[in-house]
Amino acid sequence: MFSGPPADPAASAGLGIPPAAAAAAAVVQASTAPVTPTTPSGDAPRAGAIPGEASASGQAAARRSWTAPLLLCAAGVLALLIALFGPGLVARGTGELRIPGAGLTTVLRTVLFAALALHLGELLAPQLIRPVRGRPRTAVRSWAVLASLAGAAAAAGQIVRLAAVSDLGITETYGTREGGLLLLIANGLVVAALCAASKRPALALAPLAVVIGAEALRAHPEAYSPEFGAALTVVHLTAASLWTGGLLYVLRTMWLWRGSPVAARALLGRYARLAIWLYVALAATGTASMLRRLPLDVVFTSAYGRTLLLKLALMAVVSVLALAARRRMLRDTDPSLAHRLARREQVVLGLVVVISAVLTVVPDPHWISLRP
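Residues numbered from 1 in each chain as written. Predicted model: local features only at pLDDT ≥ 70, side-chain atom pairs only at ≥ 80, totals over all residues. Heavy atoms only, no water.

(A) Inspection of the overall build of the protein chain at higher detail. Counting secondary structure elements, the protein chain contains 13 helices and zero strands. In the protein chain, the succession of α and β elements from N to C terminus is α-α-α-α-α-α-α-α-α-α-α-α-α. Burial status across the protein chain gives 39% buried among its 372 residues. The contacts of the protein chain with a sequence gap of at least 6 include a subset with a gap of at least 24, amounting to 76%. Summed over all atoms, the accessible surface of the protein chain reaches about 20600 Å², with 69% contributed by carbon and sulfur. (Helix = DSSP H or I, 4+ residues; strand = E, 2+ residues; numbered from the N terminus. Buried < 20%, exposed > 50% of the residue type's maximum accessible area, 1.4 Å probe, protein only. Contact = heavy atoms within 4.5 Å. Areas by Shrake-Rupley, 256 points an atom, 1.4 Å probe, with all protein chains shown as cover.)

(B) Fine view of the side chain of E96. With respect to the helices, strands and loops of the structure, E96 is situated in the loop between α3 (53–90) and α4 (102–129). No salt bridge is formed by the buried E96. Its closest oppositely charged neighbour is R306, at 6.9 Å. Side chain to side chain, E96 and T94 meet in a polar contact 3.1 Å long. Discounting residues that sit within four places of it in the chain, E96 has contacts with S302, A303, P363, D364, P365, W367 and I368. (Lys, Arg positive; Asp, Glu negative; His and termini not counted. Salt bridge = Lys/Arg side-chain N within 4 Å of Asp/Glu carboxyl O. Polar contact = N/O pair within 3.5 Å; in protein donor to acceptor, adjacent residues only side chain to side chain.)

(C) Looking closely at the pattern of salt bridges. In this structure the tally under the stated criterion is five salt bridges. Between E178 and R109 there is a salt bridge, with the nearest N and O atoms lying 3.3 Å from each other. Of the two residues, E178 sits in helix α7 (residues 177–197) while R109 sits in helix α4, which places them 69 residues apart along the sequence. Taking relative accessible area as the criterion, R109 reaches 4% and is therefore assigned buried. Here R252 ties to E122 by a salt bridge, and the two come within 4.0 Å at their closest N and O atoms.

(D) Fine view of the environment of L120. Summarising the element assignment, L120 is placed in helix α4. Taking the relative accessible area as the measure of exposure, L120 reaches 7% and is therefore buried. Separated by 88 residues in sequence, L120 and L208 place their C-alpha atoms 8.0 Å apart. Residues within four places of L120 in sequence aside, it is in contact with L205, L208, I212, S241 and L242.

(E) How the structure looks around the nonpolar core. With 59 residues, the main nonpolar core has I185, L189, L208, W243 and L267 as its most contacted residues. Of all elements in the fold, only α4, α5 (144–166), α7, α8 (205–218), α9 (226–256), α10 (261–293), α11 (303–331) and α12 (336–359) reach the threshold of two or more residues within this core. When neighbours within four sequence positions are excluded, I185 is seen to be in contact with L112, A155, V211, A214 and E215. Listed in part, the 11 residues of the second largest apolar core include V298, V299, A303 and I368. (Core = buried A, V, L, I, M, F, W, Y, C linked by side-chain atoms within 4.5 Å.)

(F) Molecular detail of the packing of aromatic side chains. Under the definition given, this model contains one aromatic pair. Ring centres 5.8 Å apart and planes at 75° place the aromatic pair W243 and Y279 in the edge-to-face group. One end of the pair, W243, is in helix α9; the other, Y279, is in helix α10, and 36 residues separate them in sequence. Note on W243: relative accessible area 3%, which makes it buried. Residue Y279 is classed as partly exposed on the basis of its relative accessible area of 36%. (Phe/Tyr/Trp six-rings, centres within 6.5 Å; stacked < 30°, edge-to-face > 60°.)

(G) Quick look at the packing of α8 against α9. With their axes 8 Å apart at the nearest point, α8 and α9 run at an angle of 130° to one another. For the element pair α8 / α9, the angle class is oblique. For the pair α8 and α9, the crossing hand works out as right-handed. Of the residues in α9, those in contact with I212, G213, E215, A216 and L217 of α8 are A230, T233, V234, L237 and T238. Of the residues belonging to the contact of α8 with α9, the class tally is six nonpolar, three polar and one charged. (Axes fitted to C-alpha atoms, helices over the stretch in contact; angles between N-to-C directions. Parallel < 35°, antiparallel > 145°, perpendicular 65-115°, else oblique. Left-handed = near helix turned anticlockwise from the far one by under 90°. Nonpolar A, V, L, I, M, F, W, Y, C, P; charged D, E, K, R; others polar.)

(H) Seen up close, the packing of α4 against α5. At a minimum axis distance of 8 Å, the contact between α4 and α5 shows a crossing angle of 155°. Between α4 and α5, the crossing angle belongs to the class labelled roughly antiparallel. Here the hand of the crossing between α4 and α5 comes out left-handed. Residue-level contacts link T105, L108, R109, V111, L112, A115, L118, H119 and E122 of α4 to A144, A147, S148, A150, G151, A154, G157, Q158 and R161 of α5.

(I) Layout of the layout of surface pockets. Here the largest pocket defines a volume of roughly 1900 Å³. Among the secondary structure elements, those contributing two or more residues to the lining of the largest pocket are α3, α4, α9, α10 and α12. Sorting elements by how many residues they give to the lining of the largest pocket places α3 first, with 13 residues. Classifying every residue of the lining of the largest pocket by side-chain character gives 27 nonpolar, 10 polar and seven charged. Of the pockets and cavities examined, the second largest pocket occupies roughly 1300 Å³. If you go around the second largest pocket, you meet 49 residues; those closest to its centre are Y304, K311, S356, L359 and T360. Sorting the residues of the lining of the second largest pocket by element identifies α4, α5, α7, α8, α9, α10, α11 and α12 as the ones contributing at least two each. (1 Å grid on protein atoms, 1.4 Å probe; cavity = no way out; pocket = protein on both sides within 12 Å on 5 of 7 lines; lining within 4 Å. Points joined across faces, edges and corners; volume = space filled by probe spheres on them.)

Shape descriptors only; they carry no functional weight alone.
See below:
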């Protein structure tokens, strides 16, 4: 009636079986029992685990750990290629004047815009983090000092390029309108870096505001309503920097808080509510700038028009990703999928920054529109 011998020799003795025979039976049972495989760490795997499954999952995790750095490197290389060759490609066949050193200028302005975004994002995001209940007391490492110094170096590089193109000395270049504004930008970013390294990093708001104002004036040398164009650029550049830099800081914090999904989800929700207003400001100022600067008859035949169409396409992708991340955040308690979608949004936003730098380099489309 039993499917196997008793496991306890004492129980066998109670049934009339000699103790020596019972002990021998126990030894036979132990030698024929199946051996449970163990993991390399010595812990037994979960019930029903397939042999080799643990090693396969470890290899998959190792592949995932290499995937993100490779994708980031690929995105960086793509951004560099767009910055270097983008101005020439969009101007091909338009008959517009060639801008000397347009690729290098685009790279330098991309660095400048990225520096503004990183620093402003680090000033904004802590205001979103502080009210989150149950949040971990850990914070991500600040990049503000390095970002502002890199932006100052990019502004100085533009001064050197301007001097070389204009065949002027450095001090003479400072006396030009663009050279003087670039000098103000470089100095403002150095001051912002010093503020970020101090005990009161919020003081960097003042020099960063000067930098944004100087960049807006530099971007509008045209004779037709430059003050209005500069005011639009101030709002547009500020909103874009807060959106891009704030999202990056929030994503870094969510990764640091991955052991506290409730706090991470709350943080992403607070950022999403602010991002709606930033998006509205970007859409309004971008539309006004487009109507002001781009004649409708050269939308497809000017470098500015082609670049703007590419930027609008990328912004459409960003909008779809942002809406998908918000929907996932509202549906799921686990913020991991929303975090993944927001990371993709961040990558596309990086490309938007590069395209925005190209827009500041290509010729004014009014010239081609007024040609006979």
